[in-house]
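Chain residues, written in single-letter form:
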Amino acid sequence: MIDVQRLRVFRAVVASGSVQAAADHLGYTPSAVSQQISALQRETGLVLFEKAGRGITPTATAKVLAAESEDLMDSLNRLGGVVDHLREGRTGSLTIGAFSSAAQFWLPAVAKGLRRDFPELVLDLTLNELGPESPAAGRRDLDITTEDADVDGVERPGHSRHVLTEEGYRVAAPRGHELLDEWDTQVPLGALAGQPVIDNDYHGNTCTRIIRNACRAAGFSPRYVARSEDHHTALAFVAAGVGVTILPALAVPESMAGVDSRELVNPTPRRRIVVHVRDGAADAPQVRRALELLDEAVAKTAARRSVLT
């Protein structure tokens, strides 16, 4: 079993670049740091540092150990936070993962309601565009994700799945664009053939696949002229006249200078938005309340946007 304190000191030396710098950062003497490193090398049977001039440098083995211990140290830090919360009498914590537009338009109302009902709750919000395979996915109590509405949803092991809503996609174009002049409310997807398009998402995720399949069904491939990994930048490019972009309805702002949008049809791409609830957290009162607040936020956003469109 590796001594955690020795591991912390070792990581400090690797990160700081020298024993002296690590000692300064940790408030130790250089001799104490050297003793901890020597003990860790004996404990693991590994050569972690080698001489370099007047100092030392981490070996390739040390670099691997430092990188592989990152998740462990993060987990220990989180565990320490839990202990602090329990000792101070706090009611616990709640971790919510969401894609950016859900975080922007729904989670503020959820956070406000939770702060009102659970004043001591520690709320941790993370973006999950990298999907369920990301290292943080298993630690989320609630995880708001998307699915292709034309495909049956998939249950996630260790979670229950709740459908929040379904929505279509819109084309956002510079105000006064020919597409907006020709089509008052709905634009056939095929009308985008040949148009300069701005990509706005991580490649290979759900929205990318939905758009790609819909365009294929309409008989064309988008002519991308710029790529961005967030829709805010893509919309700024649209406002500047660079091209058009295809977005799910939730991600389209209710108003934005220089930008208008229309619903896309024929075919009509759609996505389903669901929340996965970790089984171990499902009965917690803050989780049940978060689900209620989330349903309310979804309904209010849909009602407000239906009036505007």
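Rules behind the numbers
Residues numbered from 1 in each chain as written. Predicted model: local features only at pLDDT ≥ 70, side-chain atom pairs only at ≥ 80, totals over all residues. Heavy atoms only, no water. Helix = DSSP H or I, 4+ residues; strand = E, 2+ residues; numbered from the N terminus. Salt bridge = Lys/Arg side-chain N within 4 Å of Asp/Glu carboxyl O. Buried < 20%, exposed > 50% of the residue type's maximum accessible area, 1.4 Å probe, protein only. Pairing = 2+ DSSP bridges. Contact = heavy atoms within 4.5 Å. Polar contact = N/O pair within 3.5 Å; in protein donor to acceptor, adjacent residues only side chain to side chain. Phe/Tyr/Trp six-rings, centres within 6.5 Å; stacked < 30°, edge-to-face > 60°. Disulfide = S-S within 2.5 Å. Axes fitted to C-alpha atoms, helices over the stretch in contact; angles between N-to-C directions. Left-handed = near helix turned anticlockwise from the far one by under 90°. Nonpolar A, V, L, I, M, F, W, Y, C, P; charged D, E, K, R; others polar. Arc of directions from axis to C-beta. Patch = residues over 30% accessible without salt bridge, like charges linked within 9 Å, V, L, I, M, F, W, Y side chains within 5 Å. Areas by Shrake-Rupley, 256 points an atom, 1.4 Å probe, with all protein chains shown as cover. Parallel < 35°, antiparallel > 145°, perpendicular 65-115°, else oblique.

Our next topic: the environment of Ala217. Structurally, Ala217 is set in helix 9 (residues 206-217). C-alpha of Ala217 to C-alpha of Pro58: the two residues are 159 residues apart in sequence and 55 Å apart in space.

Moving on, we get to the pattern of salt bridges. Inspection of the entire model under this criterion finds 18 salt bridges. Here Arg11 makes a salt bridge to Glu70, at a shortest N to O gap of 3.1 Å. Remark: Glu70 occurs in helix 5 (residues 70-87) and Arg11 occurs in helix 1 (residues 4-16); sequence separation between them is 59 residues. Accessibility expressed as a relative area gives 18% for Arg11, which makes it buried.

Counting buried residues in strand 12 (residues 270-278) gives seven out of nine residues, a clear majority hidden from the surface. Relative to strand 12, strand 5 (residues 142-148) is paired through seven bridges, and the arrangement is antiparallel. When the sheet's bridge partners are listed, Ile144 is paired in strand 12 with Val275. Examined bridge by bridge, strand 6 (residues 159-174) and strand 12 share nine bridges and lie antiparallel to one another. When the sheet's bridge partners are listed, Val163 is paired in strand 12 with Val274.

In terms of residue burial, strand 5 counts as a mostly covered element, since seven of its seven residues are buried. Across the two faces of strand 5 the burial is the same, with Leu142, Ile144, Thr146 and Asp148 and Asp143, Thr145 and Glu147 all buried. Pairing between strand 3 (residues 93-98) and strand 5: two bridges, direction parallel. When the bridges of strand 5 are listed, Gly97 appears paired with Asp143.

This paragraph deals with the environment of His159. Within the fold, His159 resides in strand 6. Under the relative-accessibility criterion, His159 is labelled buried at 15%. If we ignore the near neighbours within four places in the chain, the residues touching His159 are Arg140, His276, Val277, Arg278 and Asp279. At a separation of 3.0 Å, a polar atom in the side chain of His159 contacts the main-chain carbonyl oxygen of Pro157.

The next subject is the packing of aromatic side chains. This structure, assessed with the given rule, holds one aromatic pair. Here Phe10 and Phe49 contribute two aromatic rings whose centre-to-centre distance is 5.9 Å and whose plane-to-plane angle is 70 degrees, an arrangement assigned as edge-to-face. Here Phe10 is found in helix 1, whereas its partner Phe49 is found in strand 1 (residues 49-52), with 39 residues between them in sequence.

For the rest of this paragraph, the subject is the state of the cysteines. Two cysteines, two sulfur atoms, one covalent bond between them: this is a disulfide. Tallied over the full model, the rule gives zero disulfides. Cys207 carries a free sulfur, and the closest cysteine sulfur to it, the one in Cys215, is 13 Å from it. Relative accessible area serves as the criterion here: at 6%, Cys207 is assigned to the buried category.

Each pair of packed helices can be summarised by the angle the axes make with each other and by the distance between the axes. Running from amino to carboxyl end, helix 1 crosses helix 4 (residues 60-68) at an angle of 115 degrees, the nearest separation of the two axes being 10 Å. Classified by chirality, the crossing of helix 4 by helix 1 is left-handed. In this structure, helix 1 uses Leu7, Phe10, Arg11 and Val14 to contact helix 4, whose residues at the interface are Ala62, Leu65 and Ala66. Per-class residue counts for the contact of helix 1 with helix 4 are six nonpolar, no polar and one charged.

This part takes up helix 7 (residues 107-117). Among the residues making up helix 7, those that are buried are Leu107, Val110, Ala111, Gly113 and Leu114. Buried residues of helix 7, viewed axially, fall in a sector of 165 degrees; they line one side. Residues Lys112, Arg115 and Arg116 are exposed on helix 7 and point more than 90 degrees away from its buried face.

On the surface, a nonpolar cluster with roughly 210 Å² of combined accessible area is contributed by Val225, Phe237 and Val242. Relative to the helices and strands, Val242 resides in the loop between helix 10 (231-239) and strand 10 (245-248). On the basis of relative accessible area, Val242 is assigned to the partly exposed category, the value being 38%.

Our next topic: unusual backbone geometry. Put simply, Asn266 and Pro267 share a cis peptide bond, and its omega is -5 degrees. Its location among the elements puts Pro267 in the loop between strand 11 (259-265) and strand 12. Of note in the backbone geometry, Asn266 takes a positive phi value of approximately 55 degrees without being a glycine. Locating Asn266 in the fold gives a position in the loop between strand 11 and strand 12.

What follows deals with the packing of helix 1 against helix 2 (residues 19-26). For the pair helix 1 and helix 2, the least separation of the axes is 8 Å and the interaxial angle reads 120 degrees. On the basis of the axis angle, helix 1 is oblique to helix 2. The handedness of the crossing between helix 1 and helix 2 comes out as right-handed. Contacts from Val9, Ala12, Val13 and Ser16 of helix 1 reach helix 2 at Val19, Ala21, Ala22, His25 and Leu26.

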